[in-house]
Amino acid sequence: MPSKVLFAPVAFAKFEKSQTLPAKFERLLDQTGLEKIVGGKKTAVKMHLGDGLSYSTIAPVFVRTLVRKLQGWGARCFIADHDVINRKPDERGYTESILGCPIVDACGMTGNYMYEKKVSYKSFEVMDVAGEIHDADVLIDFSHVKGHGGCGYGGACKNIAMGCVSHRTRRGIHGLEGGLEWDKEKCIHCNQCIESCNHNANEFTADGIYSVFYHNCTYCGHCVKMCPTGAITTTGLGNQYEAFQEGMALSTKGVLETFAPGHVYYINVLTQITALCDCWGLTTPSLVPDIGIMASDDIVAVESACLDAIKADDLIPVGLPLGIELKGEGHLFERIHGKNPFVQLEALERHGLGTRNYELITID
Ligand code: SF4
Ligand code: SF4
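Residues numbered from 1 in each chain as written. Chains lettered and ligands numbered in written order. Predicted model: local features only at pLDDT ≥ 70, side-chain atom pairs only at ≥ 80, totals over all residues.

Enquirer: Help me out: how do you make sense of the overall build of the protein chain in this one?
Expert: A count of helices and strands for the protein chain gives 13 helices and 16 strands. In summary, the protein chain has a C-alpha radius of gyration of 20 Å against a globular reference of 21 Å for 364 residues, a match within 12%. The principal-axis extent of the C-alpha atoms belonging to the protein chain is close to 60 × 45 × 40 Å. Across the 364 residues that make up the protein chain, the buried fraction comes to 49%. Within the protein chain, contacts between residues separated by at least 24 positions form 75% of all contacts whose residues are at least 6 apart in sequence. (Helix = DSSP H or I, 4+ residues; strand = E, 2+ residues; numbered from the N terminus. Rg over C-alpha atoms; globule rule 2.2 N^0.38 Å. Buried ≥ 20, exposed ≤ 12 C-beta atoms within 10 Å, placed from the backbone. Contact = placed C-beta atoms within 7 Å.)

Enquirer: Before we go on, may I ask you to explain the environment of Gly 175 in this structure?
Expert: With respect to the element layout, Gly 175 can be found in the loop between helix H7 (167–174) and strand E10 (180–182). Between the alpha carbons of Gly 175 and Leu 29 there is a distance of 37 Å; along the sequence they are 146 residues apart.

Enquirer: Mind showing me how you'd approach the environment of Ala 275 here?
Expert: Topologically, Ala 275 is positioned in the loop between strand E14 (264–270) and strand E15 (292–296). Ignoring any residue separated from it by four or fewer positions in sequence, one finds Ala 275 in contact with Gly 147, Thr 284, Leu 287, Gly 319, Leu 320 and Ile 336.

Enquirer: How do you make sense of the domain arrangement of the protein chain when you look at a structure like this?
Expert: According to the domain assignment, the protein chain contains domain 1 (3–175 + 241–362) and domain 2 (179–234). For the side of domain 1 that touches domain 2, the class distribution of residues is 2 nonpolar, 6 polar and 3 charged. (Domains from an automatic or database assignment. Nonpolar A, V, L, I, M, F, W, Y, C, P; charged D, E, K, R; others polar.)

Enquirer: Help me understand the nonpolar core in this model?
Expert: Side chains that are nonpolar tend, in soluble globular proteins, to be buried together. If you look at the biggest cluster of nonpolar residues, it comprises 100 residues, and the most contacted ones within it are Val 45, Ile 133, Ile 293, Met 294 and Val 302. Among the elements that take part in this core, helix H10 (residues 241–256) stands out by supplying 8 residues, more than any other. For Ile 293, the residues in contact, after removing those within four places along its chain, are Ala 8, Leu 21, Phe 25, Leu 28, Ile 267, Asn 268, Val 269 and Leu 270. Core analysis: the second largest hydrophobic core is formed by 9 residues, Cys 193, Cys 197, Cys 223 and Ala 231 among them. (Core = buried A, V, L, I, M, F, W, Y, C linked by C-beta atoms within 7 Å.)

Enquirer: Would you mind going over the site of ligand 2 with me for this structure?
Expert: As a matter of local geometry, ligand 2 sits amid 14 residues, with Cys 187, Cys 190, Cys 193, Cys 227 and Ala 231 nearest to it. For the shell around ligand 2, the residue count by class is 10 nonpolar, 4 polar and no charged. (Near = placed C-beta within 6 Å.)

Enquirer: Help me out: how do you make sense of helix H11 (residues 299–309) in this one?
Expert: Given 3.6 residues per helical turn, the α-helix brings residues three or four places apart onto the same face. Here H11 lies mainly inside the structure; 9 of its 11 residues are buried. Along H11, the residues that are buried comprise Ile 299, Val 300, Ala 301, Val 302, Glu 303, Ser 304, Ala 305, Cys 306 and Leu 307.

In C-alpha coordinates:
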(Lines give C-alpha, C1' and ligand atoms only; values in the text may rest on other atoms or scores of the structure.)
(Ligands and ions follow the chains in the order given, each with its own letter.)
Protein backbone atom coordinates (compact mmCIF):
# COMPACT_ATOMS: atom_id res chain seq x y z
CA MET A 1 0.00 0.00 0.00
CA PRO A 2 1.71 3.26 -1.08
CA SER A 3 1.95 6.20 1.30
CA LYS A 4 0.36 9.44 0.14
CA VAL A 5 2.62 12.39 -0.64
CA LEU A 6 0.91 15.74 -1.27
CA PHE A 7 2.66 17.83 -3.92
CA ALA A 8 2.20 21.57 -4.53
CA PRO A 9 4.20 22.23 -7.73
CA VAL A 10 5.72 25.60 -8.65
CA ALA A 11 4.53 25.00 -12.23
CA PHE A 12 1.56 27.29 -12.90
CA ALA A 13 -1.17 27.55 -15.51
CA LYS A 14 -2.00 31.26 -15.28
CA PHE A 15 -0.57 34.53 -13.95
CA GLU A 16 -2.83 34.45 -10.89
CA LYS A 17 -2.15 34.68 -7.17
CA SER A 18 -4.00 31.41 -6.64
CA GLN A 19 -1.37 29.69 -8.82
CA THR A 20 1.61 30.79 -6.72
CA LEU A 21 3.37 28.48 -4.30
CA PRO A 22 2.22 30.19 -1.06
CA ALA A 23 -1.40 29.91 -2.22
CA LYS A 24 -0.95 26.25 -3.18
CA PHE A 25 0.83 25.61 0.13
CA GLU A 26 -2.23 26.85 1.99
CA ARG A 27 -4.44 24.46 -0.01
CA LEU A 28 -1.95 21.65 0.61
CA LEU A 29 -2.10 22.24 4.38
CA ASP A 30 -5.89 21.90 4.28
CA GLN A 31 -5.43 18.35 2.97
CA THR A 32 -2.85 17.17 5.54
CA GLY A 33 -5.35 16.13 8.23
CA LEU A 34 -3.39 18.21 10.79
CA GLU A 35 -6.60 20.06 11.63
CA LYS A 36 -7.78 16.99 13.55
CA ILE A 37 -4.50 16.49 15.42
CA VAL A 38 -3.02 19.78 16.61
CA GLY A 39 -5.92 21.36 18.54
CA GLY A 40 -4.73 22.43 22.03
CA LYS A 41 -1.40 20.63 21.47
CA LYS A 42 2.09 21.96 22.05
CA THR A 43 3.33 21.89 18.45
CA ALA A 44 7.01 22.19 17.55
CA VAL A 45 7.80 23.37 14.03
CA LYS A 46 11.38 22.25 13.45
CA MET A 47 13.13 24.15 10.70
CA HIS A 48 16.64 25.27 9.84
CA LEU A 49 16.97 29.01 10.46
CA GLY A 50 20.08 29.31 8.30
CA ASP A 51 23.35 30.88 9.28
CA GLY A 52 25.52 33.83 8.27
CA LEU A 53 24.78 35.00 4.74
CA SER A 54 22.48 32.15 3.75
CA TYR A 55 19.21 33.08 2.01
CA SER A 56 17.97 29.70 0.75
CA THR A 57 16.30 28.39 3.91
CA ILE A 58 12.48 28.33 3.89
CA ALA A 59 11.19 31.84 3.13
CA PRO A 60 9.31 33.54 6.01
CA VAL A 61 6.10 33.71 3.93
CA PHE A 62 5.80 29.89 4.04
CA VAL A 63 6.63 29.71 7.74
CA ARG A 64 4.03 32.40 8.49
CA THR A 65 1.44 30.54 6.42
CA LEU A 66 2.09 27.30 8.28
CA VAL A 67 2.06 28.93 11.73
CA ARG A 68 -1.18 30.82 11.02
CA LYS A 69 -2.87 27.61 9.82
CA LEU A 70 -1.73 25.62 12.85
CA GLN A 71 -2.83 28.36 15.24
CA GLY A 72 -6.17 28.57 13.44
CA TRP A 73 -6.63 24.89 14.24
CA GLY A 74 -5.88 25.59 17.91
CA ALA A 75 -2.19 24.55 18.05
CA ARG A 76 0.14 26.06 20.66
CA CYS A 77 2.94 26.62 18.19
CA PHE A 78 6.64 27.37 18.45
CA ILE A 79 9.56 27.22 16.03
CA ALA A 80 12.66 25.32 17.12
CA ASP A 81 16.19 24.99 15.81
CA HIS A 82 19.52 24.26 17.44
CA ASP A 83 22.03 26.94 18.39
CA VAL A 84 19.43 29.67 17.79
CA ILE A 85 21.33 32.43 19.61
CA ASN A 86 24.48 31.97 17.55
CA ARG A 87 22.57 31.66 14.28
CA LYS A 88 21.02 35.15 14.65
CA PRO A 89 17.81 34.23 12.74
CA ASP A 90 16.48 37.81 12.88
CA GLU A 91 19.22 38.81 10.40
CA ARG A 92 17.48 36.61 7.83
CA GLY A 93 13.92 37.74 8.56
CA TYR A 94 12.97 35.10 11.13
CA THR A 95 11.46 36.97 14.08
CA GLU A 96 8.51 36.23 16.31
CA SER A 97 6.63 39.27 15.01
CA ILE A 98 7.02 38.13 11.38
CA LEU A 99 6.48 34.40 11.87
CA GLY A 100 3.73 34.72 14.47
CA CYS A 101 5.07 32.47 17.24
CA PRO A 102 8.12 32.17 19.52
CA ILE A 103 11.46 30.92 18.16
CA VAL A 104 13.26 28.74 20.70
CA ASP A 105 16.47 26.79 20.99
CA ALA A 106 15.52 23.10 20.79
CA CYS A 107 17.84 22.44 23.75
CA GLY A 108 16.46 25.36 25.79
CA MET A 109 17.96 28.73 26.69
CA THR A 110 21.06 27.09 28.17
CA GLY A 111 21.54 24.66 25.27
CA ASN A 112 21.69 21.89 27.86
CA TYR A 113 18.05 20.80 28.09
CA MET A 114 17.93 17.27 26.64
CA TYR A 115 17.06 13.62 27.30
CA GLU A 116 19.72 10.93 26.87
CA LYS A 117 18.98 7.67 25.00
CA LYS A 118 21.10 4.64 24.17
CA VAL A 119 21.99 4.02 20.52
CA SER A 120 24.92 1.54 20.56
CA TYR A 121 25.94 1.72 16.90
CA LYS A 122 29.72 1.57 16.40
CA SER A 123 31.23 4.67 18.07
CA PHE A 124 27.77 6.34 18.25
CA GLU A 125 26.78 5.04 21.67
CA VAL A 126 24.33 7.59 23.09
CA MET A 127 22.17 10.39 21.78
CA ASP A 128 20.30 13.28 23.40
CA VAL A 129 16.83 14.29 22.22
CA ALA A 130 16.48 18.08 22.48
CA GLY A 131 14.27 18.89 25.49
CA GLU A 132 11.81 21.24 23.76
CA ILE A 133 11.25 18.69 20.99
CA HIS A 134 10.92 15.83 23.46
CA ASP A 135 8.27 17.72 25.45
CA ALA A 136 6.18 18.75 22.42
CA ASP A 137 2.98 16.82 21.63
CA VAL A 138 3.25 17.25 17.86
CA LEU A 139 6.27 17.71 15.60
CA ILE A 140 6.06 19.40 12.22
CA ASP A 141 9.32 18.55 10.47
CA PHE A 142 9.54 21.56 8.11
CA SER A 143 12.63 21.03 5.95
CA HIS A 144 14.49 22.78 3.17
CA VAL A 145 15.70 20.23 0.63
CA LYS A 146 19.33 20.50 -0.56
CA GLY A 147 22.54 18.55 -1.03
CA HIS A 148 24.82 17.59 1.85
CA GLY A 149 28.55 16.98 1.88
CA GLY A 150 28.38 14.24 4.52
CA CYS A 151 25.62 12.08 3.10
CA GLY A 152 24.69 13.52 -0.29
CA TYR A 153 21.22 14.76 0.68
CA GLY A 154 19.66 16.84 3.46
CA GLY A 155 15.89 16.88 3.96
CA ALA A 156 13.38 15.65 6.54
CA CYS A 157 15.69 13.01 8.05
CA LYS A 158 18.59 15.40 8.45
CA ASN A 159 16.36 18.11 9.94
CA ILE A 160 15.45 15.68 12.74
CA ALA A 161 18.65 13.64 13.08
CA MET A 162 20.93 16.66 13.33
CA GLY A 163 18.48 19.37 14.35
CA CYS A 164 16.39 17.81 17.14
CA VAL A 165 19.40 16.66 19.16
CA SER A 166 22.38 17.96 21.14
CA HIS A 167 25.85 19.01 19.92
CA ARG A 168 27.16 15.76 21.39
CA THR A 169 24.77 13.76 19.21
CA ARG A 170 25.74 15.63 16.05
CA ARG A 171 29.36 14.95 16.91
CA GLY A 172 28.56 11.27 17.46
CA ILE A 173 26.92 10.97 14.03
CA HIS A 174 29.64 12.92 12.20
CA GLY A 175 32.22 10.86 14.10
CA LEU A 176 31.03 7.79 12.16
CA GLU A 177 32.72 9.34 9.12
CA GLY A 178 36.13 9.07 10.81
CA GLY A 179 38.51 11.69 12.29
CA LEU A 180 40.59 14.37 10.55
CA GLU A 181 44.14 14.18 9.29
CA TRP A 182 46.29 17.09 8.05
CA ASP A 183 49.15 16.74 5.57
CA LYS A 184 51.78 19.42 6.25
CA GLU A 185 53.40 18.93 2.83
CA LYS A 186 50.19 19.76 0.97
CA CYS A 187 49.18 22.78 3.06
CA ILE A 188 49.63 26.22 1.44
CA HIS A 189 48.36 28.06 4.56
CA CYS A 190 45.49 29.75 2.72
CA ASN A 191 43.39 29.68 5.92
CA GLN A 192 40.20 28.58 4.14
CA CYS A 193 39.80 25.68 6.56
CA ILE A 194 39.74 28.07 9.51
CA GLU A 195 37.31 30.48 7.83
CA SER A 196 34.93 27.65 6.88
CA CYS A 197 34.64 26.27 10.42
CA ASN A 198 31.43 27.45 12.11
CA HIS A 199 32.34 25.83 15.43
CA ASN A 200 35.63 27.47 16.45
CA ALA A 201 37.10 24.01 16.35
CA ASN A 202 40.31 24.50 14.38
CA GLU A 203 43.35 26.75 14.35
CA PHE A 204 46.96 26.91 13.28
CA THR A 205 49.34 26.78 16.22
CA ALA A 206 52.12 29.37 16.55
CA ASP A 207 54.45 27.00 14.68
CA GLY A 208 51.97 26.49 11.81
CA ILE A 209 50.50 23.10 12.70
CA TYR A 210 46.81 22.49 11.95
CA SER A 211 45.10 21.71 15.23
CA VAL A 212 41.51 20.55 15.85
CA PHE A 213 39.74 21.06 19.16
CA TYR A 214 37.62 17.88 19.02
CA HIS A 215 35.37 19.00 21.85
CA ASN A 216 33.91 21.62 19.48
CA CYS A 217 34.40 19.73 16.21
CA THR A 218 31.16 18.28 14.81
CA TYR A 219 33.05 16.50 11.99
CA CYS A 220 30.91 18.56 9.61
CA GLY A 221 33.65 18.25 6.98
CA HIS A 222 33.57 21.90 5.94
CA CYS A 223 37.35 22.26 6.35
CA VAL A 224 37.89 19.06 4.31
CA LYS A 225 35.67 20.31 1.48
CA MET A 226 37.12 23.84 1.43
CA CYS A 227 40.78 22.85 1.37
CA PRO A 228 41.98 23.52 -2.19
CA THR A 229 44.93 21.12 -1.97
CA GLY A 230 43.36 18.11 -0.25
CA ALA A 231 45.57 18.64 2.81
CA ILE A 232 42.77 17.68 5.23
CA THR A 233 41.17 14.27 4.94
CA THR A 234 38.87 12.12 7.05
CA THR A 235 40.64 9.20 8.69
CA GLY A 236 39.77 6.39 11.08
CA LEU A 237 37.24 4.32 9.24
CA GLY A 238 37.82 6.46 6.16
CA ASN A 239 34.92 8.07 4.34
CA GLN A 240 32.15 6.05 5.96
CA TYR A 241 29.19 7.85 4.51
CA GLU A 242 26.98 4.77 4.77
CA ALA A 243 27.68 4.55 8.52
CA PHE A 244 26.92 8.28 8.73
CA GLN A 245 23.54 7.71 7.07
CA GLU A 246 22.79 4.79 9.38
CA GLY A 247 23.63 7.08 12.32
CA MET A 248 21.21 9.69 10.95
CA ALA A 249 18.45 7.08 10.64
CA LEU A 250 19.03 5.90 14.22
CA SER A 251 19.02 9.45 15.54
CA THR A 252 15.77 10.14 13.65
CA LYS A 253 14.23 6.99 15.10
CA GLY A 254 15.29 8.03 18.61
CA VAL A 255 13.55 11.40 18.22
CA LEU A 256 10.40 10.01 16.57
CA GLU A 257 9.94 7.44 19.34
CA THR A 258 9.18 10.29 21.73
CA PHE A 259 5.93 11.11 19.84
CA ALA A 260 2.60 9.29 19.85
CA PRO A 261 1.71 7.58 16.52
CA GLY A 262 0.35 10.06 13.97
CA HIS A 263 1.78 13.08 15.80
CA VAL A 264 4.64 13.85 13.41
CA TYR A 265 4.14 15.38 9.97
CA TYR A 266 6.76 16.08 7.30
CA ILE A 267 6.81 19.07 4.94
CA ASN A 268 9.72 19.37 2.49
CA VAL A 269 10.29 22.60 0.57
CA LEU A 270 12.03 22.13 -2.79
CA THR A 271 13.05 25.68 -3.64
CA GLN A 272 16.58 27.04 -4.06
CA ILE A 273 17.98 23.52 -4.01
CA THR A 274 21.69 24.09 -3.46
CA ALA A 275 24.67 21.73 -3.39
CA LEU A 276 25.48 22.23 0.28
CA CYS A 277 23.70 22.13 3.63
CA ASP A 278 22.21 25.34 5.09
CA CYS A 279 24.62 25.26 8.04
CA TRP A 280 27.48 26.51 5.85
CA GLY A 281 26.33 30.10 6.37
CA LEU A 282 26.25 30.80 2.65
CA THR A 283 23.98 30.24 -0.33
CA THR A 284 25.14 29.25 -3.81
CA PRO A 285 22.91 29.33 -6.93
CA SER A 286 20.23 26.66 -7.36
CA LEU A 287 21.30 23.33 -8.86
CA VAL A 288 17.93 22.71 -10.53
CA PRO A 289 14.78 24.81 -11.11
CA ASP A 290 12.46 25.12 -8.09
CA ILE A 291 10.07 22.17 -7.80
CA GLY A 292 7.50 22.96 -5.10
CA ILE A 293 6.47 21.59 -1.71
CA MET A 294 5.88 17.95 -0.75
CA ALA A 295 4.24 16.70 2.45
CA SER A 296 3.34 13.39 4.05
CA ASP A 297 2.92 11.58 7.35
CA ASP A 298 5.54 9.10 6.07
CA ILE A 299 9.14 10.37 6.26
CA VAL A 300 10.50 7.75 3.85
CA ALA A 301 7.81 8.41 1.26
CA VAL A 302 8.29 12.18 1.27
CA GLU A 303 12.08 11.89 1.11
CA SER A 304 11.80 9.39 -1.78
CA ALA A 305 9.45 11.64 -3.72
CA CYS A 306 11.80 14.60 -3.26
CA LEU A 307 14.90 12.72 -4.38
CA ASP A 308 13.04 11.33 -7.40
CA ALA A 309 11.99 14.86 -8.40
CA ILE A 310 15.57 16.20 -8.38
CA LYS A 311 17.12 15.10 -11.66
CA ALA A 312 20.65 15.40 -13.02
CA ASP A 313 19.19 16.23 -16.45
CA ASP A 314 17.76 19.45 -14.94
CA LEU A 315 21.14 20.68 -13.67
CA ILE A 316 21.69 24.43 -13.95
CA PRO A 317 25.49 24.54 -14.41
CA VAL A 318 25.93 27.75 -12.39
CA GLY A 319 24.84 25.76 -9.31
CA LEU A 320 28.28 24.16 -9.21
CA PRO A 321 31.58 25.96 -8.62
CA LEU A 322 33.30 27.01 -11.88
CA GLY A 323 35.21 24.14 -13.44
CA ILE A 324 33.47 21.43 -11.38
CA GLU A 325 31.59 18.81 -13.38
CA LEU A 326 29.29 15.95 -12.43
CA LYS A 327 31.08 12.65 -11.79
CA GLY A 328 30.04 9.08 -12.58
CA GLU A 329 26.50 7.75 -12.48
CA GLY A 330 23.50 7.89 -10.15
CA HIS A 331 21.49 10.63 -8.50
CA LEU A 332 22.49 14.27 -9.06
CA PHE A 333 23.63 14.54 -5.40
CA GLU A 334 25.72 11.38 -5.75
CA ARG A 335 27.36 12.80 -8.85
CA ILE A 336 28.28 15.95 -6.88
CA HIS A 337 29.22 14.52 -3.48
CA GLY A 338 30.13 10.91 -4.39
CA LYS A 339 27.53 9.62 -1.88
CA ASN A 340 24.38 7.68 -2.73
CA PRO A 341 21.53 9.58 -0.99
CA PHE A 342 19.18 6.59 -1.17
CA VAL A 343 21.25 4.76 1.48
CA GLN A 344 19.63 7.10 4.02
CA LEU A 345 16.15 6.08 2.87
CA GLU A 346 17.01 2.39 2.92
CA ALA A 347 18.19 2.77 6.53
CA LEU A 348 15.00 4.63 7.54
CA GLU A 349 12.89 1.94 5.86
CA ARG A 350 14.87 -0.86 7.53
CA HIS A 351 14.17 0.72 10.91
CA GLY A 352 10.43 0.65 10.20
CA LEU A 353 9.96 4.39 9.79
CA GLY A 354 8.09 4.28 6.47
CA THR A 355 8.05 3.05 2.90
CA ARG A 356 9.67 4.14 -0.35
CA ASN A 357 6.45 3.16 -2.11
CA TYR A 358 4.51 6.41 -2.51
CA GLU A 359 1.63 7.91 -4.43
CA LEU A 360 1.95 11.57 -5.45
CA ILE A 361 -1.21 13.67 -5.08
CA THR A 362 -0.88 16.99 -6.90
CA ILE A 363 -2.51 20.10 -5.45
CA ASP A 364 -3.96 22.34 -8.17
S1 SF4 B 1 35.18 19.21 10.63
FE2 SF4 B 1 33.87 21.04 10.78
S3 SF4 B 1 33.80 21.52 12.96
FE4 SF4 B 1 35.56 20.13 12.66
S5 SF4 B 1 37.31 21.48 12.34
FE6 SF4 B 1 36.53 21.00 10.31
S7 SF4 B 1 35.09 22.68 9.82
FE8 SF4 B 1 35.48 22.74 12.04
S1 SF4 C 1 42.50 24.98 3.61
FE2 SF4 C 1 44.03 23.36 3.30
S3 SF4 C 1 45.74 24.42 2.30
FE4 SF4 C 1 44.44 26.02 3.21
S5 SF4 C 1 45.33 26.36 5.25
FE6 SF4 C 1 43.74 24.83 5.51
S7 SF4 C 1 44.81 22.85 5.35
FE8 SF4 C 1 46.19 24.42 4.53
